[in-house]
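Structural description and commentary
Chain by chain, the residues:
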Amino acid sequence: MSSTGAVLHQKEKAAVALVEMCSVRLGTSTFGVPITHILEIVGAARPQPVPLAPVFVGGLVHYRGDVLTTVSLRQLLGLPPKEGRQDLLVLESSGGCFGLLVDSVGEVLTVSSDDYEPNPSILDERRRWLFAGAYKLKDGLLIKLDPERLDPMRLSAAQAA
């Protein structure tokens, strides 16, 4: 390989970004949350219901002396509620901390920008707004979630608009 070819090959490698995503399951679908937004993973969360709250609010939970609002990813996507245990991710966004209720938390995956695909144009508007694209995995897709878009205050504002 010529020196010019070697330099181009190194630049191509440098352009490929690796991202660590925490995988979460919701039914048969796998979603990913960038680990840079995750403060903690709490198993077997028991949120307390909030009367008259928007449908996506999964309830309130005690977390390290604070009370966090939780967002139910199931309810947000229009799926039926899950009976039994749910896992909770404590996420940090520009609006503060909140919880995300999911069926289960999987492993941390390192994904490549080469495997990233933007949302398809046929995706309905609500899901297009919630999802930040997908990563191709050898055994399926990892749908990227943007914690900023899942923030309860932002969801309330979007719902009111």
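We now turn to the structure provided with this report. Because the structure is predicted, anything quoted here is derived from the model rather than measured.

Notes on a nonpolar patch on the surface
On the surface, Val50, Leu60 and Val67 cluster together into a nonpolar patch covering about 210 Å² of accessible area. As for its placement among the helices and strands, leucine 60 is situated in strand 4 (residues 57-63).

Describing the state of the cysteines
Using the criterion set out here, one finds 0 disulfides in the structure. The closest cysteine sulfur to the non-disulfide-bonded cysteine 22 is located on cysteine 97, 16 Å from its own sulfur.

With respect to the layout of surface pockets
Estimated volume of the largest pocket: approximately 300 Å³. Around the largest pocket, the lining comprises 18 residues; the ones closest to its centre are Val57, Gly58, Ser72, Gln86 and Leu101. Listed by contribution, the elements that provide at least two residues to the lining of the largest pocket are strand 4 and helix 2 (73-76). By residue class, the composition of the lining of the largest pocket is 10 nonpolar, 6 polar and 2 charged. Each pocket or cavity is described by its volume, and for the second largest pocket that value is around 240 Å³. Those elements giving two or more residues to the lining of the second largest pocket turn out to be helix 2, helix 3 (125-130) and helix 5 (152-160). With 4 residues, helix 3 is the single largest residue contributor to the lining of the second largest pocket.

Quick word on the pattern of salt bridges
The final tally for this structure, using the stated rule, is 6 salt bridges. Here arginine 74 and aspartate 103 are joined by a salt bridge, their closest N and O atoms 2.9 Å apart. Of this pair, arginine 74 sits in helix 2 while aspartate 103 sits in the loop between strand 7 (96-102) and strand 8 (104-112), and the two are 29 residues apart along the sequence. No difference in accessibility class separates arginine 74 from aspartate 103, as the two residues are buried. In this structure, lysine 136 and glutamate 117 form a salt bridge, with 3.2 Å as the shortest nitrogen-oxygen distance. With lysine 136 in strand 10 (residues 131-137) and glutamate 117 in strand 9 (residues 116-117), this pair connects stretches of sequence that are 19 residues apart.

Re the nonpolar core
One finds Phe31, Leu73, Leu76, Leu89, Leu100, Phe131 and Leu145 to be the most contacted residues of the largest nonpolar core, which totals 24 residues. Among the secondary structure elements, those contributing two or more residues to this core are strand 1 (18-26), strand 2 (29-34), helix 2, strand 6 (87-93), strand 7 and strand 11 (140-145). With sequence-adjacent residues up to four places away left out, leucine 73 is seen in contact with Leu26, Phe31, Leu100, Leu101, Val102 and Leu145. Membership of the second largest hydrophobic core comes to 7 residues, among which are Tyr63, Leu68, Leu88 and Leu101.

About the thresholds
Residues numbered from 1 in each chain as written. Predicted model: local features only at pLDDT ≥ 70, side-chain atom pairs only at ≥ 80, totals over all residues. Heavy atoms only, no water. Patch = residues over 30% accessible without salt bridge, like charges linked within 9 Å, V, L, I, M, F, W, Y side chains within 5 Å. Areas by Shrake-Rupley, 256 points an atom, 1.4 Å probe, with all protein chains shown as cover. Salt bridge = Lys/Arg side-chain N within 4 Å of Asp/Glu carboxyl O. Helix = DSSP H or I, 4+ residues; strand = E, 2+ residues; numbered from the N terminus. Disulfide = S-S within 2.5 Å. 1 Å grid on protein atoms, 1.4 Å probe; cavity = no way out; pocket = protein on both sides within 12 Å on 5 of 7 lines; lining within 4 Å. Points joined across faces, edges and corners; volume = space filled by probe spheres on them. Nonpolar A, V, L, I, M, F, W, Y, C, P; charged D, E, K, R; others polar. Buried < 20%, exposed > 50% of the residue type's maximum accessible area, 1.4 Å probe, protein only. Core = buried A, V, L, I, M, F, W, Y, C linked by side-chain atoms within 4.5 Å. Contact = heavy atoms within 4.5 Å.

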